[in-house]
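Results of the structural survey
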Amino acid sequence: MDTKVISSGVRHTRLPESYVRPESERPNLSEVSDCQNVPVIDLGSGDRTLIVRQVGDACRDYGFFQVINHGVPKDVVEKMQNVAKEFFNLPVEEKLKLYSDDPSKTMRLSTSFNVKKETVHNWRDYLRLHCYPLDKYVPEWPSNPPLFKETVSNYCQEVRELGFRVEEIISESLGLYKGCFKQVMGEQGQHMAVNYYPPCPQPELTYGLPGHTDPNALTILLQDLNVSGLQVLKDGKWLAVKPHPHAFVINIGDQIQALSNGKYKSVWHRAVVNADKPRLSVASFLCPCDEAILSAPKPLTDDGSSVVYRDFTYAEYYSKFWSRNLDQEHCLELFKN
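Everything numeric here is computed off the predicted structure, so don't read it as measured data.

**Comments concerning the state of the cysteines**
Going through the model one piece at a time under the given rule, you end up with zero disulfides. Looking at Cys59, it has no disulfide partner, and the nearest cysteine sulfur is the one in Cys180, 14 Å off. Distance from the sulfur of Cys156, which forms no disulfide, to the nearest cysteine sulfur (Cys131) is 3.6 Å.

**Details of the pairing of strand E9 (residues 230-234)**
Within E9, four of the five residues are buried, which leaves it mostly tucked inside the rest of the structure. Where E9 and strand E12 (residues 269-271) come together, three bridges link them in antiparallel fashion. Following the sheet pairing, Gln231 is matched in E12 by Arg270. With four bridges connecting them, E9 and strand E10 (residues 237-240) associate as antiparallel partners. By the bridge assignment, Val232 is partnered in E10 with Leu239. If you look at the hairpin formed by E9 and E10, you'll find two residues sitting between the two strands, and Asp235 has a positive phi there, around 50 degrees.

**Regarding the pairing of strand E11 (residues 248-252)**
In terms of burial, E11 is largely enclosed, as five of its five residues are buried. What you see with E11 is no split at all: Phe248, Ile250 and Ile252 on one side and Val249 and Asn251 on the other are buried throughout. Direction of pairing for strand E3 (residues 64-68) relative to E11: antiparallel, over a ladder of four bridges. Looking at E11, one finds that Phe65 is bridged to Ile250. In terms of strand pairing, strand E8 (residues 218-222) meets E11 through four bridges, oriented antiparallel. Residue Thr219 lies in a different strand from E11, and its bridge partner there is Asn251.

Rules behind the numbers
Residues numbered from 1 in each chain as written. Predicted model: local features only at pLDDT ≥ 70, side-chain atom pairs only at ≥ 80, totals over all residues. Heavy atoms only, no water. Disulfide = S-S within 2.5 Å. Buried < 20%, exposed > 50% of the residue type's maximum accessible area, 1.4 Å probe, protein only. Helix = DSSP H or I, 4+ residues; strand = E, 2+ residues; numbered from the N terminus. Pairing = 2+ DSSP bridges.

This is how it looks when you write it as structure tokens:
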């Protein structure tokens, strides 16, 4: 391919060789069914006890759930989606000014996952942004589209608050005090991947992203309402998660699995691509500060349960995660006692 990104405006009639998965690793799309009973939790119901129970059940049984009446204003969400589309519709020369394949950069446009390391690429371009503290990172964000910085800043602030509320509910669902996880994780980092999956000539041969778990604490995903692509692994089967209007998908990440002493599961999920339509998603990540020492709070092991994972810092975890391929065995396995 003659460009570093696949959102070049060129429609491919066949999949370039470097994107074709070996037969044993393909998505088998015909075997995927819809996830019929995705937990959809109404955060505005006013019944805290019910919400805490529903979130606990979802974290234990699914590793993810959708939230509605979440408090993020509808216009903030719509503006975020619009400015993301505008960004990926920019001329390819304009976008390439931001291109980098260095994962340590705090703002970059890139493609696939870790393009320097992998042998087969993923059918995805993404804009990666660090989002906290905003005053530190916003100056390096794109200036084009003109409203990008303002729009994305507003969205980041709203999503951060939602993430904190969800973390409190998760803490409570484990029988801990509501600020427990927030205290352990310290001043949480926040970053974002604005994902763009162009139409793909042979979706059954490749992925937008292969199966993986997220290395952070919590992922707040804004799905494309018109094109589904998120699939999760449940009881050994891949299931498609249909977008729910005005909802966010909340994924449990590896750090909450560790903090819950393995009671809650970091969900394996993947993104598949569409033959006819582009798909856009916005994933926001909350993660512990680098120095945070991740260990299960004492009340979770007071009943004599063994401590599943050794203590580690988030910085140690994150560097191990990025040194591997995305779809290798679960990174948390390396930290088991």
